[in-house]
There are 2 protein chains.
Amino acid sequence: MHTTCPIPISDYPTVTLAHGGGGALTHQLIDKMFRAAFTNPLLDAGHDGAVFQVPEERMALTTDSYVVCPLFFPGGDIGSLAVNGTVNDLAMCGAKPLYLTLGMILEEGLPMETLWRVVQSIQYAAAEADVRIVTGDTKVVDRGKGDGVYLNTAGVGVLATEQDIGPSCIEPEDVILLSGDIGRHGIAIMAVREGLEFESEIQSDCAPVVEPVLKLLKEGIAIHSLRDLTRGGLASALVEHARAAGARLQVEEAAIPVREDVRGACEILGLDPMYVANEGRFMVVVPGDQSERALQVMRACAVSAESVRIGTVESRERPVVHLKSRIGSLRIVDMLSGEQLPRIC
Amino acid sequence: MHTTCPIPISDYPTVTLAHGGGGALTHQLIDKMFRAAFTNPLLDAGHDGAVFQVPEERMALTTDSYVVCPLFFPGGDIGSLAVNGTVNDLAMCGAKPLYLTLGMILEEGLPMETLWRVVQSIQYAAAEADVRIVTGDTKVVDRGKGDGVYLNTAGVGVLATEQDIGPSCIEPEDVILLSGDIGRHGIAIMAVREGLEFESEIQSDCAPVVEPVLKLLKEGIAIHSLRDLTRGGLASALVEHARAAGARLQVEEAAIPVREDVRGACEILGLDPMYVANEGRFMVVVPGDQSERALQVMRACAVSAESVRIGTVESRERPVVHLKSRIGSLRIVDMLSGEQLPRIC
């Protein structure tokens, strides 16, 4: 994967302001590095935007900026994050991702080799997720006005279902499924930042979750809601659902998988894994009578092989999330008021 | 337009890292400020992405990040720029802009009132350009890792023509039209940065150019190419055309409108107006026999009322741009190799 940087490092060891000025250096960077890495007919047209044909159907559009620090972490980097994060947002709309845009804000002085690593990671992640980067933009800001690389991706996808999917669609007796263990992405980042070492390295769960979502839809599961568990973690996703639907949700603490090393790191760092960000995990709310079949479908995909049932929608009387602890007591889960983990994505 | 900031300044005078953490403060900022300002059914759905229906046709997708410094300048600000820049990129594809995404990277410590001014400007510009902000994302980076506000917008539009439009479509005997005077955006920014004062303030030309483009298409003008004259200015756009089509272009220096105050400022700053960025100007290449009618159509729109014919496509023998000076000599116009104006957009 790591081929030679296509910009001669001897000439340009770092990104300069001129690489963002719209002149010859900008064109060299775009043509030799970005176009070469992401080549596809839409991008190759080289216009101000990408032009494509869509069949008459519903589409989804989403965007996220990525400011993760550090740029590289166990299990991923800002490039794979920028692809998977946006691809997953489209999946959460019940859409098959098609095209991504890529906006880069580079800091003057960024080593050219670092940029090349990020570009290769984007290329690899886009191929894995079966999406094409069809248009982009590059800006360079002065030294000290950025932090190496910030990325933005916007994504376009085609809806794979005619049903409405969203937090307000959940109903009493629905079952809440979780696609795997939680907390790894946030802890992987924090471990690097804090210099923590564990027996085995904790890797981010960063991955595309398109496959299980499309399979659920293909199998005719009447998905009521989908949410990826990024900033704010599982707890915030549950609270958002309770609020949007005016519903009481109850989840079982013992049913929520958290790896032992992640739980240990959370204790050291004073974090609650319920609030820690994930980048390859989602919750899905389905009718109770379809939940077993939905679990089977999810478990058949590698990215969601450890899927579990974590709770139910109890009623639509008042918006609250109850967590039933291991000893049987109920506690209310609320949204985090402050900042737990800055620049996690 | 300037109503009270919807976030109580007494509680939160500035943006904090917690505003980007995905918890209660993030939700407050999104709900009270962003959703309230940009309200529309697609955005109000409050999902991870916006879902919409499109008729079966060709679509355009584009993106730009905006890192302009200073955030506010005569004739515009980063907010209006982020709307008009992306809307104009869609217009350059021959598309009618429909939807925008909005990604914000805020620096910790940004005054909340400043953010509110930017948001209002985006709201106003989107209404002017008749586009809707349908989904967005907010990140906060630590103090000293940004510069107040960076924006990214991606845009989706529906093609308003079946013809292919692009630099490679230009042909000998085509005529090159320019939609008005050049150099004002770049000079407006530089004047603020350098503290220059002129008799009359030089205002940016920042504006949407959708109207003349759609009217040209509606009138049946066989547009061969369109290009907005942003970073790198008119010169870079011409060179890109010459290279893409392997064509010799010839433009008349005397035909290119540059305001006297802009010309004077360029002399003081050592800049060539041909390379200075514009944000409401475009060049269009049309068949020679349609150029007069095209000019009439363009001049009927306020944003392109001063449209002029500046040159022709001479041949497709070799890629070169010739500028015929006022005294009749020819000089070759090349792409700028270095950085003329950093962070102009």
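Residues numbered from 1 in each chain as written. Chains lettered and ligands numbered in written order. Predicted model: local features only at pLDDT ≥ 70, side-chain atom pairs only at ≥ 80, totals over all residues. Heavy atoms only, no water.

**Quick word on the relation of the copies chain B and chain A**
Superposition of chain B onto chain A requires a rotation of 180 degrees combined with a translation of 0.0 Å along the rotation axis, giving an RMSD of 0.0 Å. Classification of the inter-copy transformation places it as that of a two-fold axis. Identified as the residue of chain B closest to the rotation axis by C-alpha distance is B:E56, at 2.0 Å. With an isologous cut-off of 70% or more, the 100% of interface residues of chain B that recur at the interface of chain A puts this contact in the isologous class. (Least-squares fit on C-alpha atoms with pLDDT ≥ 70 in both. Contact = heavy atoms within 4.5 Å.)

**Quick word on the environment of A:E57**
Here A:E57 shows up in the loop between β1 (50–54) and β2 (58–66). Taking the C-alpha atoms as reference points, A:E57 and A:L159, separated by 102 residues in sequence, lie 7.3 Å from one another. Not counting chain neighbours up to four residues away, the residues in contact with A:E57 comprise A:V158, A:L159, B:F52, B:Q53 and B:V54. (Helix = DSSP H or I, 4+ residues; strand = E, 2+ residues; numbered from the N terminus.)

**Thoughts on the interface of chain B and chain A**
In this assembly, 74 residues from chain B lie in contact with 74 residues from chain A. Carbon and sulfur atoms supply 57% of the area buried between chain B and chain A, which totals about 5,800 Å² over both sides. Of all residues in chain B, B:D48, B:L61 and B:R231 give up the largest surface area on contact with chain A, accounting jointly for 13% of the area buried on that side. In this assembly, chain B and chain A are joined by 8 salt bridges. Close ionic contact of B:R231 with A:D137 constitutes a salt bridge, the shortest N to O distance being 3.0 Å. The interface formed by chain B and chain A includes 20 residue pairs in polar contact (both at pLDDT 80 or more). (Buried area = accessible area lost by both parts, 1.4 Å probe. Salt bridge = Lys/Arg side-chain N within 4 Å of Asp/Glu carboxyl O. Polar contact = N/O pair within 3.5 Å; in protein donor to acceptor, adjacent residues only side chain to side chain.)

**Focus on the nonpolar core**
Ranked by internal contacts, the top residues of the largest apolar core, which has 102 residues, are A:M33, A:L115, A:L151 and A:L234. Among the elements that make up this core, the one with the highest residue count is helix α4 (residues 112–129) of chain A (9 residues). Shared between two domains, this core takes at least three residues from each, and those domains are domain 1 (40–159) and domain 2 (167–333) of chain A. Ignoring sequence-local partners within four residues, the contact set of A:M33 consists of A:C5, A:P6, A:I7, A:Q28, A:M112, A:L115, A:W116 and A:V119. B:A91, B:L115, B:V213 and B:V297 belong to the second largest nonpolar core, which has 100 residues in total. (Core = buried A, V, L, I, M, F, W, Y, C linked by side-chain atoms within 4.5 Å. Buried < 20%, exposed > 50% of the residue type's maximum accessible area, 1.4 Å probe, protein only. Domains from an automatic or database assignment.)

In short, the description is geometric, and any link to function would need to be established separately.
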